[in-house]
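Coordinate analysis (summary)
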Amino acid sequence: MDVHHDLIELCTFNAAYADAIDGDALESWPGFFTERCHYRITHVENHREGLPAGIVYADSRAMLEDRVAALREANIYERHRYRHLLGMPWITGYGQAAIEARTPFMVARIMATGPTELFATGAYHDRFVREGGRLLLAERVAVCDSTVTDTLLALPL
């Protein structure tokens, strides 16, 4: 295991992940996850208390695909897009089967009407695995710093 190589690979992975969301390529977003994955958006107090509740929760790639389909076809929300600014991943666990990392994020929301605002800050708590030579997320918990959640949380973080 080469920690430096893995760190660069995590940075590249996170850049591609954010670009898929920011570039409105949402159909490719579930492909960053394993088939049986865990994706959740929560806030820091719930995370600190170990509470499993999340603002968004999915436990499979199929659930993520359903979420994208609902965003495209069923949900009604004010048009907007995101711009992610990601920090350097901090590798917190390193094993044969997985790499655990925490990556800080800031997400700006750009409304179709023009205004841009800081929408969310926090950190991804991740568990990465390799499948077929590819790095994939087995788990991503987006832990938001604020306990107040905007009702317009439509897109994934």
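Note: the structure precedes this text.
Presented here is an overview of the structure given in this document. Given the structure is predicted, the values throughout are model-derived calculations rather than measurements.

What counts and what doesn't
Along each chain, residue indices are assigned from 1 in the same order as the chain's sequence is written. Residue-level local features of this predicted model are given only where pLDDT is at least 70; pairs of side-chain atoms are given and counted only at 80 or more, and the full residue set underlies all totals for whole chains, interfaces and linings. The side-chain values count all of the structure's non-hydrogen atoms but skip hydrogen atoms and water molecules. Strands are runs of DSSP state E lasting at least 2 residues, helices are runs of H or I lasting at least 4, and numbering of each runs from the N terminus. With C-alpha atoms as the basis for the radius of gyration, the globule rule is written as 2.2 Å multiplied by the number of residues raised to the power 0.38. Only protein chains enter the accessibility calculation, which uses a 1.4 Å probe. A residue is then buried if its area is under 20% of the maximum for its type, exposed if over 50%, and partly exposed in between. Contacts: residue pairs with any heavy atoms within 4.5 Å of one another. Per-residue and other accessible areas follow the Shrake-Rupley method at a 1.4 Å probe size, with only the shown protein chains counted as cover for residues. For this count, His and the chain ends are skipped, Lys and Arg are scored as positive, and Asp and Glu as negative. Lys charges are placed at NZ, Arg charges at CZ, Asp charges at CG and Glu charges at CD. The criterion is simple. A nonpolar core is a set of buried Ala, Val, Leu, Ile, Met, Phe, Trp, Tyr and Cys residues joined through side-chain atoms within 4.5 Å. Should a side-chain nitrogen of Lys or Arg be within 4 Å of a carboxyl oxygen of Asp or Glu, the pair is scored as a salt bridge. Two rings from Phe, Tyr or Trp (for Trp, the six-membered ring) form a pair when their centres sit within 6.5 Å of each other. Planes less than 30 degrees apart are called stacked, planes more than 60 degrees apart edge-to-face, and all others tilted. Distance and angle both matter: a charge sits over a ring if NZ of Lys or CZ of Arg is within 6 Å of the ring centre and within 35 degrees of the ring normal.

**Some thoughts on the overall build of the chain**
The number of helices and strands found in the chain is three helices and seven strands. Going from the N terminus to the C terminus, the chain shows its helices and strands as α-β-α-β-α-β-β-β-β-β. For 157 residues, the compact-globule estimate of 2.2 N^0.38 gives 15 Å, and the C-alpha radius of gyration of the chain, at 15 Å, lies within 12% of that figure. If one aligns the C-alpha atoms of the chain with their principal axes, the spans along those axes are about 45 × 30 × 30 Å. Within the chain, the fraction of its 157 residues that count as buried is 43%. In the chain, the share of contacts with a sequence separation of at least 24, taken over all contacts with a separation of at least 6, comes to 59%. Of the roughly 8,400 Å² of accessible surface on the chain, a fraction of 53% belongs to carbon and sulfur atoms. Placing the 15 positive and 22 negative side-chain charges of the chain at their respective mean positions leaves the two points 1 Å apart.

**Notes on the nonpolar core**
Tyr 17, Trp 29, Phe 33, Tyr 39, Phe 105, Phe 128 and Leu 157 are the most contacted members of the largest nonpolar core, which totals 33 residues. Counting residues per element, the ones that place at least two in this core are α1 (3–22), β1 (33–43), β2 (56–58), α3 (61–73), β5 (99–111), β6 (116–131) and β7 (134–144). What Tyr 17 contacts, discounting residues up to four positions off in sequence, is Trp 29, Phe 32, Phe 33, Tyr 39, Tyr 124, Leu 137, Arg 140 and Leu 157.

**Some thoughts on the pattern of salt bridges**
Opposite charge on two side chains lets them pair, provided their charged atoms get close. Under the defined criterion, the tally for this structure stands at eight salt bridges. A salt bridge links Glu 27 to Arg 72; the nearest nitrogen and oxygen atoms lie 2.8 Å apart. Of the two residues, Glu 27 sits in the loop between α1 and β1 while Arg 72 sits in helix α3, which places them 45 residues apart along the sequence. Arg 72 sits in the partly exposed class, given a relative accessible area of 36%. The salt bridge partner of Arg 140 is Asp 126, with a shortest N-O separation of 2.7 Å. Taken together, the residues Arg 140 in strand β7 and Asp 126 in strand β6 connect sequence positions 14 residues apart. Per residue, the accessibility class of Arg 140 equals that of Asp 126, and both read buried. In this structure, a network of salt bridges that share partners links the residues Asp 6, Glu 9 and Arg 130.

**Some remarks on the packing of aromatic side chains**
Tallied over the entire structure, the rule returns 10 aromatic pairs. Centroid distance Phe 13 to Phe 128: 5.1 Å. Interplanar angle 90°. Geometry classified as edge-to-face. Pair noted here: Phe 13 is in helix α1 and Phe 128 is in strand β6, with a separation of 115 residues, a long-range link. Here the two residues Phe 13 and Phe 128 agree in accessibility, since each one is buried. Members of the aromatic cluster, connected to one another through ring pairs, are Phe 13, Tyr 17, Trp 29, Phe 32, Phe 33, Tyr 39, Phe 105, Tyr 124 and Phe 128. In this structure, Arg 140 packs its charged tip against the face of Tyr 17, placed 4.3 Å from the ring centre. In this structure, Arg 140 packs its charged tip against the face of Tyr 124, placed 3.8 Å from the ring centre.

Just distances and angles here, no functional claims.
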